Amino acid sequence: MFSLKKNILCIAFIILLTNVISAQISITSPLLRAVYQRGKDGQATVSITGTYTTAIDKIEIKLSQVIANQGTAVDWTEFPAKLINGNFISSFTIKQGWYKLELRGSLKGIIVGQTSLERVGVGEVFVIAGQSNAEGLLNKGEQGAVDDRVNCYNAENNYVSGGIDYVKLNPFSKLERNVKIAPRGQGASHWGRLGDLLAARLNVPIMFFNVGFYGTSVRNWQESAETGITTSDYVSSAVYLNGTPYSNMRDVLHYYSHLLGIRAILWLQGETDNIPASTPRAVYSSRLKKVIQKTRDDYGKEISWVVSLTSVTTGNGLETCFNTFKASNQEVLEGQKAVIRETANIFQGPNTDNIQNPGRPDCTHFANQGLIDLANAWDTALNDNFWANSKPHAPALVPDYFVTCDVQNNAAKVELPQGYKTYGWSRSNNFTSFASTPTINLNSGTYYVRLEDNNGNFLMLPPITVKAAAVGTPSINVEGATTFCEGKQVKLTSNQSSTFLSYQWSDGTDSPSITVDKTGQFSVKITDIYGCQSQSSSTIATKRNPLPAKPSINNLSSKVFCEDNSVTLEVDQVANQYVWSNGSNNRSIKVNTTSEYNVQVIDANGCVSQKSDNLGVTALPLPPTPAITADAPTIFCEDKGVTLTTSDEKATKVSWNKGQTARSIFVNKSDTLFVRTVDLFGCVSKPSLTVITKMNPTPVTPKITANGDTVFCEGRNITLFSNKANPSHVTTWTIAQEGITKDYRTEQFGVNISGSFQVAATDQNGCVSKQSDKVFVSVKPNPDELNLIRLSPYTLQAQNQKTSAPAPNEYYWEFGQDNTPLKSKTQFQRIDQEGLYRVRARNIYSTRFYGEKVCESKSTPQQRIIKYDDAGLSLFPNPNTGRFQIESAYPWEGTTVRVYDFLGRILFEENVGTMNNRKQLNLDLRQGEYIFEMQSAN
């Protein structure tokens, strides 16, 4: 068994090295298509290791979904990889899914190497155990996985003894139809379809290992687990070799389950315990419990198991396999159920006795549709209860180690972590161990390391490449003079190579180049990517000369002066050379411009002092020659003027040639003017340009005359005339009518509505006279036209045609063909005689200057009015409610009215006076008919 373990380790890392040869950065872990067991949180922490052949200081990782929605992508992210002697070690937490993994290394922000692993996953890892239906047989209608995420350890299998040859092949691959599911699986059997079902349902990749062994009973598994020796149930003299069948289980747990983690062991066994002799339930239960406990002891953790209910094999000849149902062996089944019921973290798998029974081609093994049904039964058994309560176990992580170079002895000291049971070292791919210690001195070369923990679990470290030869002594390139002035510097650069990882200068700096600004001795050592350091380079000596003292500037006169003056500046010390900020090289300079001045001095060594403090001088310019702005034309009318303003707003004093000192002056006559300004330092500007003003006289104010009264009735008009002094002047009327004011240019103006009127004259210079006095025109409205109606038998009424119109002042009634005026001035006229009547309305207005103005409406059309042939009395309305009017044809005097009932009783009596108009009565009587009587005084 020792040789088996060695080969597993060795071959695994030969595979890893195939990527290292051609890449500056390569992945040694994970392996291609490796699937790591996810935890209950749906993720796994995975060791990521590799090699690099050029200097790097940072490694980044990227995860891409192989197919959309099969994981959680991670863009380029730095992870804390430990760089060790050309190798890097780190771990990264990956969420469940199927990924392309990419790594890239960089040095000081520049990418120097990149590589990728096309498939790696976090999902579910299972170990298959049992007998031939677990192991699988070829040519039984088996189907490979369709889903790319279903994987296995594809290895050749020694069919007789189990052997160790399977570990020499490539490790992980897709579970195709004819793969060998290491270490014992024969073809895909039903596991390929189960992988498809689980990958689709869980959306995670699946990994299978198969330690099933044909013809084995539960006794064979127990004995080989406890003693390593067991014999066949069918041929008692036949001994299982190499500790099989359990040795395969132990190897998978120690190497691959430790590496990848594990969800559960799937147990499919029981046919052999049915024939040739039935195993009692208690015996079966006891033996399987011991096997389960052995796996947990070997692995060091409580592994979950899924135990199928399996006992059927017909064994009666091929003729009965297709038509005879074989009953289960209840002793075997009850033994399996007892294990499920009585052992922690054990789950019930499918009942396989009812699958393809009858119908198995050789009475025992599933084939064709039976394999499909068996895969479906496993998928059903791995239910929600299993996923919620089974215990997934995480993969192991690669530990850190340390390498220290011993250049003088051409060796390297390698220190592995303490606490492991055994340490295995090897120089070659057959893993011939030459040391078993955590610390070892090694010569240059590549070494393989195997660690074994106290449970017997093995962990491979990535290959350790040791370079113990001395690193060449570096040289220093000098850029610049090694003797320099204070403030200057020289650049020292070590010869560089991609094999150099770091630099150590004698001043403690770690970079390819240093910049030196002081006196000293400088050398460098270099460390390559394997951690080996060179001898010191030859020494470069530098010398720094001090700078001259910082000079000062003496000011020999005022710092502030007018621009027609100057100031003298002088350095306070004697030097070889002077460098002024304005380019002068004399000790003293005369300046007449505003600026900040500084100076440096140069000594005999050519060293330049610091700049002196800046000395600011201000050469005040004369105030700018002012300009004069005018807010109006400089030729203006007598009633106007112009404001002249100097442009210098900052002047402290303004001096006009006419003596004014204000910044703005008002000019309303003809004149000639210019201005000077004075600033706060007393500097006087040059005079501005001259401004000439001219004043034109204003025309005589015209008057307004009218061709009639300015108060008149609606429908008439008058004309207003402008009486101006000069006929050539232009007349402008300003008229306000109906709330709107407008200007008109005309000599006369016709008016037919009320308003106020003014007039002004404009001469040829555009000067406008004062406006004339206002003339007010009042157009009085005529009353509304009337309608003449017969209000009652004896009265006419004048009504406004528009009900909303106001009542006129009086009414003018006329009678007959000659329109004789009647006395009534009200809107009512009694009908005294038959004939023609008409009426018009009048409004009478009092005016200040024109007396009374009478405005009349049109007369109504003449109407012929006839007198009714009646007794001269009218009562209306009749019938009524007790409220009615009475009217007589004649102006009877002393008139009394009475109301009788038909019995002659007086119910109402009242003296209504003269009947010269209608009278209103209001009787409080019951409904009925009454007699009405009117009697005058005579």
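An account of the accompanying structure is given in this report.

Procedures and definitions
- Residues numbered from 1 in each chain as written.
- Predicted model: local features only at pLDDT ≥ 70, side-chain atom pairs only at ≥ 80, totals over all residues.
- Heavy atoms only, no water.
- Disulfide = S-S within 2.5 Å.
- Helix = DSSP H or I, 4+ residues; strand = E, 2+ residues; numbered from the N terminus.
- Salt bridge = Lys/Arg side-chain N within 4 Å of Asp/Glu carboxyl O.
- Pairing = 2+ DSSP bridges.
- Axes fitted to C-alpha atoms, helices over the stretch in contact; angles between N-to-C directions.
- Core = buried A, V, L, I, M, F, W, Y, C linked by side-chain atoms within 4.5 Å.
- Buried < 20%, exposed > 50% of the residue type's maximum accessible area, 1.4 Å probe, protein only.
- Contact = heavy atoms within 4.5 Å.

With that settled, consider the state of the cysteines. Scanning the entire structure with this criterion turns up 4 disulfides. Between the sulfur atoms of cysteine 485 and its disulfide partner cysteine 607 the distance amounts to 2.0 Å. Measuring the twist about the S-S bond at about -85°, one finds the cysteine 485-cysteine 607 disulfide to be left-handed. Residue cysteine 485 is found in strand 24 (residues 483–485), and its partner cysteine 607 is found in the loop between strand 37 (599–602) and strand 38 (615–620); the two are separated by 122 residues along the sequence. The disulfide bridge from cysteine 637 ends at cysteine 767, spanning 1.9 Å between sulfur atoms.

With that out of the way, let us pick up the pattern of salt bridges. In total, this model carries 32 salt bridges according to the counting rule given. As a salt-bridge pair, aspartate 148 and arginine 119 come within 2.8 Å of each other at their nearest N and O atoms. Residue aspartate 148 is found in the loop between helix 2 (132–135) and strand 10 (150–153), and its partner arginine 119 is found in strand 9 (residues 110–130); the two are separated by 29 residues along the sequence. One salt bridge in this structure joins aspartate 233 and arginine 219, with 2.9 Å as the shortest N-O distance. Of this pair, aspartate 233 sits in the loop between helix 4 (218–226) and helix 5 (246–260) while arginine 219 sits in helix 4; the two residues are 14 residues apart in sequence, bridging distant segments of the chain.

Bringing the sheet that holds strand 64 (residues 883–888) into the picture now. Strand order in the open sheet formed by 3 strands is 63-64-67, and the pairing between neighbours is antiparallel. Single-partner strands in this sheet number two, and they are strand 63 (873–876) and strand 67 (919–922). Ignoring strand direction, the axes of neighbouring strands in this sheet form an average angle of 25°. Alignment of strand 63 against strand 64, held across 4 bridges, turns out to be antiparallel. Counted as the bridge partner of phenylalanine 876 is glutamine 885 from strand 64.

On to the nonpolar core, then. Grouped together as the largest cluster of nonpolar side chains are 63 residues, with contacts concentrated most on Leu101, Leu103, Phe209, Met249, Trp267, Leu288 and Trp305. Per element, the largest residue contribution to this core is 7 residues, and it comes from helix 5. Not counting the four nearest positions on each side in its chain, leucine 103 is found in contact with Ile27, Ile48, Ile59, Glu60, Ile61, Trp76, Phe79, Phe88, Gly113, Gln114 and Thr115. Counting residues in hydrophobic clusters, the runner-up holds 33 residues, among them Leu194, Leu268, Phe347 and Leu382.

A sheet is described by the order of its strands in space; here 3 strands give the open sequence 47-49-52, paired in antiparallel fashion. On the outer flanks of this sheet lie strand 47 (703–706) and strand 52 (748–751), each paired with one strand and no other. Geometrically, the sheet is characterised by an average inter-axis angle of 25° between neighbouring strands, direction not taken into account. With 4 bridges joining them, strand 47 and strand 49 (residues 718–723) adopt antiparallel strand pairing. When the sheet's bridge partners are listed, threonine 705 is paired in strand 49 with phenylalanine 721.

This paragraph deals with the pairing of strand 33 (residues 567–571). Only one face of strand 33 is covered, namely the one carrying Val567, Leu569 and Val571; the face carrying Thr568 and Glu570 has none of its residues buried. Pairing analysis gives 3 bridges linking strand 31 (residues 553–555) to strand 33, with the strands arranged antiparallel. Looking at strand 33, one finds that isoleucine 553 is bridged to valine 571. In this structure, strand 33 lies alongside strand 35 (residues 588–591), joined through 4 bridges in antiparallel fashion. Bridged to threonine 568 within strand 35 is lysine 590.

Note that the residue after threonine 244, namely proline 245, is joined by a cis bond; omega there is 5°. For asparagine 69, which is not a glycine, the phi torsion comes out positive at approximately 70°. On the basis of relative accessibility, which here comes to 61%, the residue asparagine 69 falls in the exposed class. We note that asparagine 203 has phi near 55°; this positive angle belongs to a residue other than glycine. Mapping asparagine 203 onto the fold places it in the loop between helix 3 (191–202) and strand 12 (206–210).

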